[in-house]
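Residues per chain are reported as follows:
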Amino acid sequence: MSLEVSDLQKRYKDVEALSGLSFSLAPGKALALLGPNGAGKSTAIKILTTLVRPDAGKIAWDGRDLRNDPAALRDLVGYVSQELAMDKVLTAVEFMRFTAGLLHLPWRAHRERALALIDQLGLSEAKDRRVGDYSGGMKRRLDLAAALLHNPKVLILDEPTTGLDIEARELIWRLIEQFKADGGAVILASHDFQEVQHLADYVLILEQGKVGAQGGPEALKQALGRWIVRFSSHEFMDADALAAAKAVFAEQAGYRVLDQEVRCLALACSNDADMGAVHEHVFATATRAGLPVFSLNIQHPNLEDVYRFSLRGES
Ligand code: ADP
């Protein structure tokens with residue numbers, strides 16, 4: 001049993017919003033969709049939540065094609081949007097009832113589940129208070145409760161913790177983890193790399209509607225290199241200083257110039273050397289070439305590096 005998305009395509013007039021999105025997602029796993037603004041993340045989410053029809057492609061669950069069956073697809077997925085569409089005068093219970101109405105779920109049969117979800121998401125004490133008086137974290141939790149009301153197998157979340165404080169963010173993470181542990185599949189659009197690292201089993205980077213890098217977070221990091229080195233010869237490296245440093249390090253075996261970042265040169269080092277040896281080598285190479293060493297930072301790649309360097313390509 002899994003969600004199989006193959007070759008989804010969507011064009012808006014002259015914009016290719018999505019051109020060939022494919023992935024597969026098993027129960028209990030989470031996929032993170034990353035990409036800059038305009039990459040096609042919202043379009044993908046809108047297609048998966050039946051708000052937009054794709055021009056081509058397939059969405060299947062357990063082998064059954066759902067592309068022409070929006071009711072079945074709506075049944076399968078729960079959606080927590082970025083914009084909280086809540087009527088401020090409703091209480092939590094009234095909001096759940098309103099949601100049930102939208103989903104054509106008879107309230108009598110779903111009231112108990114709604115109350116259980118409110119309780120599970122830590123809102124039972126506030127259940128009769130107006131949503132307008134809720135904190136941002138409480139609103140998110142209520143939105144999550146509403147998305148779970150019809151017992152979806154796939155939960156789609158668009159930047160679920162943007163703007164929340166640390167405690168509220170970690171609580172949402174725990175709730176998402178619980179949904180995964182209970183066998184739910186999660187699709188998450190996020191710009192928060194810590195969140196992606198924490199929750200995602202699989203990362204898919206979109207760029208201009210196309211899939212760039214995709215894979216497990218660890219595999220993607222390893223593919224980039226063993227170490228990411230950031231070197232600068234001056235506090236503010238100008239184009240000449242960057243070009244000089246680039247020329248020196250481009251010739252070093254085991255090192256790849258990734259990109260010129262603002263004020264420093266980024267390199268990937270793929271040999272087995274430990275951090276001390278890499279430090280020594282870069283320091284000695286720069287000194288030998290007459291480059292002063294203003295700063296030298298060495299670390300294993302993180303997801304932000306994967307994102308940054310897979311988008312910009314390599315020079
Ligand atoms: P993201 O969510 O990654 O920021 P979107 O899916 O919103 O990206 O947008 C992908 C591309 O499709 C962008 O170029 C955007 O301008 C375009 N687009 C999105 N929705 C529409 C629409 N309703 N009409 C025309 N163009 C659209």
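Chemist: Would you mind going over the overall build of the protein with me for this structure?
Modeler: In terms of helices and strands, the protein carries 11 helices and 14 strands. A principal-axis box enclosing the C-alpha atoms of the protein has dimensions of 80 × 45 × 35 Å. Expressed as a percentage of its 315 residues, the buried residues of the protein come to 48%. In the form shown here, the protein has an accessible surface area of approximately 15,500 Å², with 49% of it arising from carbon and sulfur atoms. Taken together, the 36 basic and 42 acidic charged side chains of the protein have centroids lying 6 Å from each other.

Chemist: Is there a simple way to explain the packing of helix H3 (residues 92–102) against helix H4 (residues 107–120) in this structure?
Modeler: Pairs of packed helices are described in terms of their axes, by the angle between the two and the distance that separates them. Relative to each other, H3 and H4 sit at 135°, their axes nearing to 10 Å. Relative to H4, the element H3 lies oblique. For the crossing formed where H3 meets H4, the hand is right-handed. Packed against H3, whose contacting residues are Ala 92, Val 93, Met 96, Arg 97 and Ala 100, the element H4 presents Trp 107, Ala 114, Leu 115, Leu 117 and Ile 118 at the interface. Among the residues forming the contact of H3 with H4, the class breakdown is nine nonpolar, no polar and one charged.

Chemist: Quick question: what am I supposed to make of unusual backbone geometry here?
Modeler: Both trends apply: most residues other than glycine have a negative phi, and most peptide bonds are in trans. With a phi close to 55°, Asp 62 is a non-glycine residue in the positive phi region. Positionally, Asp 62 belongs in the loop between strand S4 (56–61) and strand S5 (64–65). Located in the positive-phi region is Asn 151, a residue other than glycine, with phi close to 60°. Mapped onto the elements of the fold, Asn 151 is located in the loop between helix H5 (136–148) and strand S7 (154–158). Given the relative accessible area of 53%, Asn 151 is considered exposed.

Chemist: Hey, could you run me through the pairing of S4 in this one?
Modeler: Every other side chain in a regular strand lies on the same face of the sheet, so the side chains alternate between the two faces. Examined bridge by bridge, strand S1 (residues 3–12) and S4 share five bridges and lie antiparallel to one another. Following the sheet pairing, Glu 4 is matched in S4 by Ala 60. Sheet topology note: the S4/S5 ladder contains two bridges and is antiparallel. Its bridge partner being in S5, Ala 60 is matched across the sheet by Asp 65. Between S4 and S5, which follow one another and run antiparallel, lie two residues, and Asp 62 among them has a positive phi close to 55°.

Chemist: Please clarify how the sheet that holds strand S2 (residues 15–25) should be interpreted in this entry.
Modeler: Spatial strand order, S2-S1-S4-S5: four strands in an open sheet with antiparallel pairing. Each end of this open sheet is capped by a strand with a single partner; those strands are S2 and S5. Relative to S2, helix H1 (residues 41–48) is tilted by about 60°, and along the sheet it contacts S1, S2 and S4.

Chemist: I tried to follow the packing of aromatic side chains on my own but got confused; where do I start?
Modeler: Where two aromatic rings form a pair, the distance of their centres and the angle of their planes describe that pair. Using the criterion set out here, one finds two aromatic pairs in the structure. Judged by centre distance (5.3 Å) and plane angle (55°), the rings of Phe 193 and Tyr 307 are tilted. Taken together, the residues span a long stretch of sequence, with Phe 193 in helix H7 (residues 193–199) and Tyr 307 in helix H11 (residues 303–312) at a distance of 114 residues.

Chemist: Teacher, can you tell me more about the site of the ligand here?
Modeler: Around the ligand sit Tyr 12, Val 15, Ala 17, Pro 36, Asn 37, Gly 38, Ala 39, Gly 40, Lys 41, Ser 42 and Thr 43, and those are all the residues in its vicinity. A distance of 3.1 Å separates an oxygen atom of the ligand from a polar atom in the backbone of Ala 39. Ser 42 places a polar side-chain atom, nitrogen or oxygen, 2.5 Å from an oxygen atom of the ligand. For the ligand, whose accessible area on its own is 560 Å², the fraction buried by protein is 61%. Elements that contribute at least two residues to the shell around the ligand include exactly S2 and H1. Per-element tally for the shell around the ligand: the top contributor is H1, with three residues. Of the residues in the shell around the ligand, the class split is five nonpolar, five polar and one charged.

Chemist: Explanation requested: the domain arrangement of the protein in the structure shown.
Modeler: Quite often, the size of an interface is put as the accessible area lost when its parts meet. You can read the domains of the protein as domain 1 (3–216) and domain 2 (227–299). In this structure, domain 1 and domain 2 have C-alpha centres spaced 42 Å apart.

Procedures and definitions
- Residues numbered from 1 in each chain as written.
- Predicted model: local features only at pLDDT ≥ 70, side-chain atom pairs only at ≥ 80, totals over all residues.
- Heavy atoms only, no water.
- Helix = DSSP H or I, 4+ residues; strand = E, 2+ residues; numbered from the N terminus.
- Buried < 20%, exposed > 50% of the residue type's maximum accessible area, 1.4 Å probe, protein only.
- Areas by Shrake-Rupley, 256 points an atom, 1.4 Å probe, with all protein chains shown as cover.
- Lys, Arg positive; Asp, Glu negative; His and termini not counted.
- Charge placed at Lys NZ, Arg CZ, Asp CG, Glu CD.
- Axes fitted to C-alpha atoms, helices over the stretch in contact; angles between N-to-C directions.
- Parallel < 35°, antiparallel > 145°, perpendicular 65-115°, else oblique.
- Left-handed = near helix turned anticlockwise from the far one by under 90°.
- Contact = heavy atoms within 4.5 Å.
- Nonpolar A, V, L, I, M, F, W, Y, C, P; charged D, E, K, R; others polar.
- Pairing = 2+ DSSP bridges.
- Phe/Tyr/Trp six-rings, centres within 6.5 Å; stacked < 30°, edge-to-face > 60°.
- Near = heavy atom within 4 Å.
- Polar contact = N/O pair within 3.5 Å; in protein donor to acceptor, adjacent residues only side chain to side chain.
- Domains from an automatic or database assignment.

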